[in-house]
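Chain by chain, the residues:
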Amino acid sequence: MSVWLAATETEPEPACRNGCCRPISGFLARHLITTCTRLGGLVIDIDAADHAVISSALTTGCRAVATFTDPARAHHSWQALQRLHPRHDLEVADLRLTPTDTTHRTLTDLLGTADLVIAKRHCRQSEQPELSHLAALVKPGGHLVLITGLHRAGGHVHDPAPDIIHNARQAELTYLQHIIALHVPVRGGRLEPPPAWRVPAPDPATAGCAGLPISVRLHTDALIFHKPRRSPQATASPTADAREEPS
């Protein structure tokens with residue numbers, strides 16, 4: 001497990017009404033892209049909230065594809081890219097508008113080609129692409145990164161990481177690392193949210209409970225997976241056949 005500093009100067013706007021689906025910061029995007037890709041590689045951002053991932057990919061010399069379910073977010077992201085990048089950069093940027101339940105069909109032309117696929121696993125579990133569909137986009141030797149965090153529902157807190165890791169292994173991916181991406185700056189060894197950041201109103205269900213502090217989400221979890229160049233079955237079968245040969 002590693003800790004990466006991924007704070008932004010301004011508080012990111014959540015992409016969902018629950019406040020848990022925060023956009024990936026530019027700092028985190030650059031960390032992931034420089035760690036998991038090479039020059040000219042393909043980066044795919046699934047259900048993008050803004051331009052951060054695709055802009056970071058272009059800056060580091062990668063090709064970039066992002067899917068959007070919200071037309072307004074796609075429009076604002078394209079406008080931001082036009083302000084930040086020259087025209088020749090935008091020639092290798094591809095923004096695709098697609099309903100969430102058809103994302104995998106929209107990207108069939110990219111199966112097995114991505115150096116890095118970035119997707120989120122927050123509160124909208126039923127609306128997100130199957131992990132096996134995401135794994136199919138990754139080329140052998142490439143990486144899938146799932147951004148997630150603790151889920152709170154029905155008064156209970158659930159950690160989705162164990163289920164994600166299990167499902168990734170079922171999709172023949174290798175679990176590499178768990179990254180703690182801090183949303184708030186660190187100053188003098190302490191976490192210090194900027195004064196401009198808003199503090200959420202207390203939950204009415206816990207407002208009368210002493211000792212329960214008002215809090216904000218300080219980090220997200222980035223789970224990094226690797227797609228082997230050969231599947232475990234493919235690497236194991238020749239050895240198994242050799243053991244079975246008659247003497």
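First, a word on scope: everything that follows refers to the structure included in this document.

Criteria and cut-off values
- Counting restarts for each chain: residues are numbered from 1 in the order of the written sequence.
- Local features in this predicted model are restricted to residues whose pLDDT is 70 or higher, and side-chain atom pairs enter the listing and the counts only when it is 80 or higher, whereas totals over whole chains, interfaces and linings include all residues.
- Side-chain figures throughout are based on the complete set of non-hydrogen atoms in the structure, without hydrogens or water.
- Per-residue accessibility, obtained with a 1.4 Å probe over protein chains only, is compared with the maximum for each type, and a residue is labelled buried under 20%, exposed over 50%, and partly exposed between these values.
- Note on conventions: DSSP H or I runs of at least 4 residues are helices, E runs of at least 2 residues are strands, and numbering of each starts at the N terminus.
- Side-chain rings of Phe, Tyr and Trp, where Trp is taken by its six-membered ring, are said to pair if the distance between their centres is within 6.5 Å; with planes under 30 degrees apart they count as stacked, over 60 as edge-to-face, and otherwise as tilted.
- Only when the NZ of Lys or the CZ of Arg is both within 6 Å of the ring centre and within 35 degrees of the ring normal is a charge said to sit over the ring.
- We call two N or O atoms a polar contact when they sit within 3.5 Å, provided that within protein one can donate a hydrogen and the other can accept it, with sequence-adjacent residues counted only if both atoms are side-chain atoms.
- By definition in these notes, contact holds between two residues if any of their heavy atoms fall within 4.5 Å.
- In plain words, nonpolar cores are sets of buried Ala, Val, Leu, Ile, Met, Phe, Trp, Tyr and Cys residues tied together by side-chain atoms within 4.5 Å.

### Here's the deal with helix α2 (residues 52-59)
Part 1 of the argument: Most of α2 is tucked away: seven of the eight residues are buried.
Part 2 of the argument: Restricting attention to buried positions, one finds in α2 the residues A52, V53, I54, S55, S56, A57 and L58.
Part 3 of the argument: Backbone geometry just downstream of α2 places G61 in the positive-phi region, at approximately 85 degrees.

### Re unusual backbone geometry
Part 1 of the argument: You will see that D47, though not glycine, has its phi angle at about 50 degrees, which is positive.
Part 2 of the argument: Within the fold, D47 resides in the loop between β2 (42-45) and α2.
Part 3 of the argument: One non-glycine residue, E172, adopts positive backbone phi at about 65 degrees.
Part 4 of the argument: Looking at where E172 falls in the secondary structure, it is placed in the loop between α7 (161-170) and β9 (174-182).

### Remarks on the packing of aromatic side chains
Part 1 of the argument: Overall, the coordinates contain one aromatic pair when judged by the stated rule.
Part 2 of the argument: When the ring centre of F27 is taken as reference, the NZ or CZ atom of R30 above it lies at 5.1 Å.

### Some details on the side chain of T98
Part 1 of the argument: The topology assignment puts T98 in the loop between β4 (93-97) and α5 (103-106).
Part 2 of the argument: Side-chain polar atoms of T98 contact the side chain of T102, separated by 3.0 Å.
Part 3 of the argument: Beyond its immediate chain neighbours, meaning those up to four positions away, T98 contacts T67, F68, T69, T103 and T106.

### What to know about the nonpolar core
Part 1 of the argument: Of all hydrophobic cores here, the largest spans 28 residues; its most connected members are I24, L32, V43, L116, I118, V145 and I147.
Part 2 of the argument: Secondary structure elements with two or more residues in this core: α1 (26-36), α2, β3 (63-68), α3 (71-84), β5 (114-121), β6 (138-148), β9 and β12 (219-226).
Part 3 of the argument: Broken down by element, this core gets its largest block of residues, five residues, from α1.
Part 4 of the argument: In this view, V145 contacts L32, L116, V117, I118, A119, A222, L223 and I224; residues no more than four positions away in its chain are not counted.

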